[in-house]
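Here is what each chain is made of, one letter per residue.
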Amino acid sequence: LTGHLVLSTLHTNDAAGTPMRLRDMGVAPYMVALGVRLVIAQLLVRTVCRHCRRETVAAPHEKEWLANDPEFTSGRLQLWCGGGCPACHGSGYSGRVAVYEMLEMTPELMHLVNADDPAGFAVAAQRAFAEFTLRRAVLQLVHDGRTTLAEAMRVGSGV
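Residues numbered from 1 in each chain as written. Predicted model: local features only at pLDDT ≥ 70, side-chain atom pairs only at ≥ 80, totals over all residues. Heavy atoms only, no water.

1. Quick look at the layout of surface pockets
We count it as follows: Any residue with an atom within 4 Å of a point lines the site, the site being either a cavity, points on a 1 Å grid over the protein atoms alone where a 1.4 Å probe fits but cannot get out, or a pocket, an open set with protein on both sides within 12 Å along at least 5 of 7 lines. Grid points are joined across faces, edges and corners, and a volume is the space filled by probe spheres set on the points. What counts as a helix is a DSSP run of H or I of at least four residues, what counts as a strand is a run of E of at least two, and both are numbered from the N terminus. For this classification, Asp, Glu, Lys and Arg are treated as charged, while Ala, Val, Leu, Ile, Met, Phe, Trp, Tyr, Cys and Pro are nonpolar and the rest, including Gly, are polar.
Taken as a whole, the largest pocket encloses approximately 1,200 Å³ of empty space. Around the largest pocket, the lining is made up of 34 residues, and of these Val6, Leu7, Ser8, Leu38 and Val39 lie nearest the centre. Elements represented by at least two residues in the lining of the largest pocket include exactly α1 (17-24), α2 (29-35) and β1 (38-48). For the lining of the largest pocket, the leading source of residues is β1, giving 6 residues. Broken down by class, the residue content of the lining of the largest pocket amounts to 20 nonpolar, 12 polar and 2 charged.

Listed below in structure tokens is the structure:
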């Protein structure tokens, strides 16, 4: 509110949870509405080992998780897993990559934070994200063959 740039970290499941989390912590609604301009959420996702990577098929519970994915339902999605090798110490994974989502506070979102309407805020935030969510970013890594479906489900289940 004073014109200073403040960068901070906060533990929430996604970017949309941040303004309401600040409210829960006792920050006045008007300060959240006027002071927060942008929220970026990130997750680190393990990448499949390129040395022991092999094609696999989805288990029934994985198929359910992918039910709305057009690449999967069309049969074009290749799924990969790591078999475990000396390069990855038998884990099937080697390295990590970050995925992000970003929420810009629009006038509508600012109003909903100030009005203490968490449900309305959640709906409006999902509209603001469109397709650019953490879950979508993790699925893109699966589509690119950079991570496993199991890893996507592990990190993407809360988002």
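2. Describing the packing of helix α7 (residues 134-143) against helix α8 (residues 149-156)
Operational definition: Fitted lines through C-alpha atoms serve as axes, helices being fitted only where they are in contact, and the angles separating the N-to-C directions of these axes extend from 0 to 180 degrees. Any angle from 65 to 115 degrees is called roughly perpendicular, while one under 35 is roughly parallel, one over 145 is roughly antiparallel, and all others are oblique. Two residues form a contact once any of their heavy atoms are found within 4.5 Å.
Running from amino to carboxyl end, α7 crosses α8 at an angle of 170 degrees, the nearest separation of the two axes being 9 Å. Considered as vectors, α7 and α8 are oriented roughly antiparallel to each other. For the pair formed by α7 and α8, the contact residues are Arg135, Val138 and Val142 on the first element and Leu149, Ala152, Val155 and Gly156 on the second. Tallied by class, residues from the contact of α7 with α8 come to 5 nonpolar, 1 polar and 1 charged.

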